Amino acid sequence: NIENASHSLQTAIIDFYGKFKDINTAEMVYNSIKKANAMNAISMIQIYINNDMNEHALGIYNKFKHERNNKMDLLALKACSNCKDSDQGKHILSSINIKNIQSISMLNQVINFHSQFGDIDDEIKFFDHIGNKKDIITITSMMKVFNDHG
């Protein structure tokens, strides 16, 4: 019985069905969890994003106001970029303490988000703020911004 399984096992089952693009079964498993945690939610959010169901991903994200973490924020920003929801993306960015971000993936996603919506001034400030955390992807993302927005 999935309801009595550990969160790790529940997440593994959700991931399994997601890998095979069986979204209905993944949703059924996720919805059968009485008290889903952030790990379960992240799994389902990723499945939705991978299957271009970004609004569904944001729906789950919005239900987890008190259990969010950098991974969940990263995925939500990606979903916002994919479905062109700049308002929610900006709201997410305003709730994140940028100074505490250690994940280079999260830093790169912030740059990509700003780039998509043409916030070049914000992006330059953010890029300068990153300091020595930049990697080749970060630098390439910034070059793309200048190329796209001159």
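Whatever comes next refers back to the structure up there.
Owing to the predicted nature of the structure, the values given are computational and were not obtained by experimental measurement.

*Asks:* Give a detailed account of the packing of helix 6 (residues 86-95) against helix 7 (residues 104-116), specifying residues and quantitative values.
*Replies:* Helix 7 packs onto helix 6 with a crossing angle of 145° between their chain directions and a minimal axis gap of 11 Å. Where helix 6 crosses over helix 7, the two elements pack in a sense that is left-handed. When helix 6 is examined against helix 7, the residues S86, G89, K90 and L93 are found in contact with a partner set consisting of V110, F113 and H114. Residues that form the contact of helix 6 with helix 7 fall into these classes: 3 nonpolar, 3 polar and 1 charged.

*Asks:* Tell me what's going on with the packing of helix 3 (residues 38-50) against helix 5 (residues 70-82), and back it up with residues and numbers.
*Replies:* Running from amino to carboxyl end, helix 3 crosses helix 5 at an angle of 25°, the nearest separation of the two axes being 10 Å. By the angle class used here, helix 3 and helix 5 are roughly parallel. When you trace helix 3 past helix 5, the crossing you get is left-handed. Of the residues in helix 5, those touching helix 3 at A38, A41, I42, I45, Q46 and I49 are K71, M72, L75, K78, A79 and N82. By residue class, the composition of the contact of helix 3 with helix 5 is 8 nonpolar, 2 polar and 2 charged.

Calculation notes
- Residues numbered from 1 in each chain as written.
- Predicted model: local features only at pLDDT ≥ 70, side-chain atom pairs only at ≥ 80, totals over all residues.
- Heavy atoms only, no water.
- Axes fitted to C-alpha atoms, helices over the stretch in contact; angles between N-to-C directions.
- Helix = DSSP H or I, 4+ residues; strand = E, 2+ residues; numbered from the N terminus.
- Left-handed = near helix turned anticlockwise from the far one by under 90°.
- Contact = heavy atoms within 4.5 Å.
- Nonpolar A, V, L, I, M, F, W, Y, C, P; charged D, E, K, R; others polar.
- Parallel < 35°, antiparallel > 145°, perpendicular 65-115°, else oblique.

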